[in-house]
Amino acid sequence: MNQPIVSVPLWISREPHSGTSRILKGCFRPANSVRIIRSDWELELASGFKFRPVSQIKTDPETPLEMDSNLRIGFIGAGNMAYGIAKGLLQSGDVPPTSVKVSAPSARNFVRFQELGVAVTHSNEEVIHSCNLVFVAVKPHLVAAVLGVITKYVTQKHIIVSVAAGVTLVTLEGLLPTGSVVLRLMPNLPCLVQQGALLFSRGTHAQPEDGALLRSLLQPCGLVEEGPEAWIDIHTGLSGSGVAFVYLFAEALAEGAVKMGMPSALAHSIAAQTVLGAGQLLRDSGKHPAQLRSEVCTPGGTTIFGLHAMEQGGVRAATMTAVEIATERARDLGRKPSHIATDNRK
C-alpha cells in the first residue's frame, strides 16, 4: 500500500556544505531516498540535502508557510511601496516588528514605520548586515548607487528583492556578487491598504523555494503572482500605472455628477464606492468585464446611452494606449544607461 503524503513547512539547505537555508513548503512520500534520522522529523535526502520542520506538521497543502524566527527583513528606501509591503508583512502576525529594519537617507518617512514598531536607520550597510531578505525600494536611477555601496556585504545567504520599475534582473545581478539570489517585484499603491496586485520574477540563482517564501510573506498585501520577467513591465503599465488611470476615471465620474448638480464631496464619495464595488464584483464573480457590463445595460436605458458616448470619446482606445505607453516607458527605464557599471561582482 502507498505511503501517505505528508505536507510540512521545512527548512531546505540547497547547498549542504554552505549552510544556505531557505523556507520551503513541500510534500514528500517516505521512500528509500528519504530517511528519518530524528524523532522530531528532521529528514535527510540521499543527496545530502537536509530538511527540518519549522513548526508542527501540517496536512493542508494550502496552509501558508510559517516564518522561522531567524528571518530578518530589511527595506532600503522608506517610500510608499516599502511602507505598504512592511505593513502587510506585519499584519499577518508571522513577522514581528522586531524582525524588520528600514533605512533611508532622510527621516521624513520614518515616523509611520516607527508607529508599526519597526527599527529605522540611515545606514544601508546596517540593513544588509542585520537582515537576510532585503527589499531594494528606491527610485530606478538610484539602484546602481545603492547596490554599489552594499554589494561587498551581500552573500549567498541574502535574498535581494528589487521593486524598482524597469531595472532588469540582468542589471541587478550584474551589480551584485556572482551567485546572488535576486528577485524582481512590482507592487502597486493599494498595497497600502492590503489590496495590492503584485507580480514577481526570479533571477538566475533564485530557486522555487525563494519564490515560495516571497509569495508567503506578501500574501497579506493582496494578490501575489509569479511570472516571467517579460510580464513585469506589462504589469507596471497595467497595474502599477493603472491605479492612476482608475483614479482619473473616478475623478471624471465625480465631475460629471458635479456638472449635473450634485455636491462635490458626495459625488467623489459615491464615485469611490462605485469603483470599489465594481472592482470587487469583477474579482469575485469570475465573469468577464464585458458580461458584467451587459448585465447593467437594458435596451434603450441610461447605461447604453452613456456607454455609446464613452465609445465615441475613445475611452477604450485611450486606455489601451495608456497601458501600452506606460509599458514601453518601463522598458525604456530598463535599458541600461551607459554610465551604469555592472562590474561590481566578486
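Keep in mind that what you see is a predicted model, and the values were worked out from it rather than measured.

## A short note on the overall build of the protein
Part 1 of the argument: Along the protein, the regular secondary structure elements total 12 helices and 13 strands.
Part 2 of the argument: For the protein, the residues scored as buried account for 40% of the 346 residues in total.
Part 3 of the argument: Sequence separation of 24 or more characterises 64% of the internal contacts of the protein that already satisfy a separation of 6 or more.
Part 4 of the argument: Working note: accessible area of the protein is about 18600 Å², and carbon and sulfur atoms make up 58% of it.

## Structural notes on unusual backbone geometry
Outside of glycine, negative phi angles account for most residues, and trans bonds account for most peptide bonds.
Part 1 of the argument: Look at Q194: it is not a glycine, yet its phi comes out positive at around 55°.
Part 2 of the argument: Considering the arrangement of structural elements, one finds Q194 in the loop between β11 (181-186) and β12 (196-202).

## Description of the pattern of salt bridges
Part 1 of the argument: Counted by the stated rule, this structure contains 8 salt bridges.
Part 2 of the argument: Salt-bridge contacts for R184 lead to D233; the nearest nitrogen and oxygen are separated by 2.8 Å. Taken together, the residues R184 in strand β11 and D233 in helix α7 (residues 230-240) connect sequence positions 49 residues apart.
Part 3 of the argument: Taking relative accessible area as the criterion, R184 reaches 1% and is therefore assigned buried.
Part 4 of the argument: Across the pair R202 and E226 runs a salt bridge whose closest N-O atoms are separated by 2.6 Å. You can see R202 sitting in strand β12 and its partner E226 sitting in strand β13 (residues 222-226), a full 24 residues away along the chain.
Part 5 of the argument: By relative accessible area, which is 30% here, R202 ends up partly exposed.

## Details of the packing of aromatic side chains
Part 1 of the argument: This structure, assessed with the given rule, holds 2 aromatic pairs.
Part 2 of the argument: Considering the side-chain rings of F75 and F135, the 4.9 Å spacing of their centres and the 10° angle between planes classify their relative orientation as stacked. With F75 in strand β6 (residues 73-76) and F135 in strand β9 (residues 133-136), this pair connects stretches of sequence that are 60 residues apart. Residues F75 and F135 agree in their burial class; the two are buried.
Part 3 of the argument: Geometrically, the ring pair formed by Y83 and F113 is edge-to-face, given 5.5 Å between the ring centres and 90° between the ring planes. A residue pair is termed long-range when its members are at least 10 positions apart, and Y83 in helix α1 (residues 80-91) and F113 in helix α2 (residues 110-115) qualify at 30 residues. Of the two residues examined, Y83 and F113, each falls in the buried class.
Part 4 of the argument: Of note, R112 hangs over the ring of Y83, and the distance from its end group to the ring centre comes to 4.5 Å.

## Description of the packing of α7 against helix α8 (residues 242-259)
Part 1 of the argument: Two elements in contact, α7 and α8, have axes separated by 5 Å at closest approach and are oriented at 20°. Regarding the angle of α7 to α8, the classification is roughly parallel. For the pair α7 and α8, contact is made by T236, G237, L238, S239 and G240 and by G242, V243 and F245, respectively.
Part 2 of the argument: Tallied by class, the residues present in the contact of α7 with α8 amount to 3 nonpolar, 5 polar and no charged.

## A word on the sheet that holds β12
Part 1 of the argument: Strand order across the open sheet formed by 8 strands is β8-β7-β6-β9-β10-β11-β12-β13, with mixed pairing between neighbours. Strands with a single pairing partner mark the edges of an open sheet, and in this sheet they are β8 (119-121) and β13. Direction aside, neighbouring strands of the sheet carry axes that sit 20° apart on average.
Part 2 of the argument: Bridge analysis of β11 against β12 gives 4 bridges, and the strand direction is antiparallel. Of the residues in β12, the one forming a bridge with L183 is R202.
Part 3 of the argument: Along the sheet face, α1 touches β6, β7 (100-103), β9 and β11 and points at about 165° away from the line of β6.

About the cut-offs
- Residues numbered from 1 in each chain as written.
- Predicted model: local features only at pLDDT ≥ 70, side-chain atom pairs only at ≥ 80, totals over all residues.
- Heavy atoms only, no water.
- Helix = DSSP H or I, 4+ residues; strand = E, 2+ residues; numbered from the N terminus.
- Buried < 20%, exposed > 50% of the residue type's maximum accessible area, 1.4 Å probe, protein only.
- Contact = heavy atoms within 4.5 Å.
- Areas by Shrake-Rupley, 256 points an atom, 1.4 Å probe, with all protein chains shown as cover.
- Salt bridge = Lys/Arg side-chain N within 4 Å of Asp/Glu carboxyl O.
- Phe/Tyr/Trp six-rings, centres within 6.5 Å; stacked < 30°, edge-to-face > 60°.
- Lys NZ or Arg CZ within 6 Å of the ring centre and 35° of its normal.
- Axes fitted to C-alpha atoms, helices over the stretch in contact; angles between N-to-C directions.
- Parallel < 35°, antiparallel > 145°, perpendicular 65-115°, else oblique.
- Nonpolar A, V, L, I, M, F, W, Y, C, P; charged D, E, K, R; others polar.
- Pairing = 2+ DSSP bridges.

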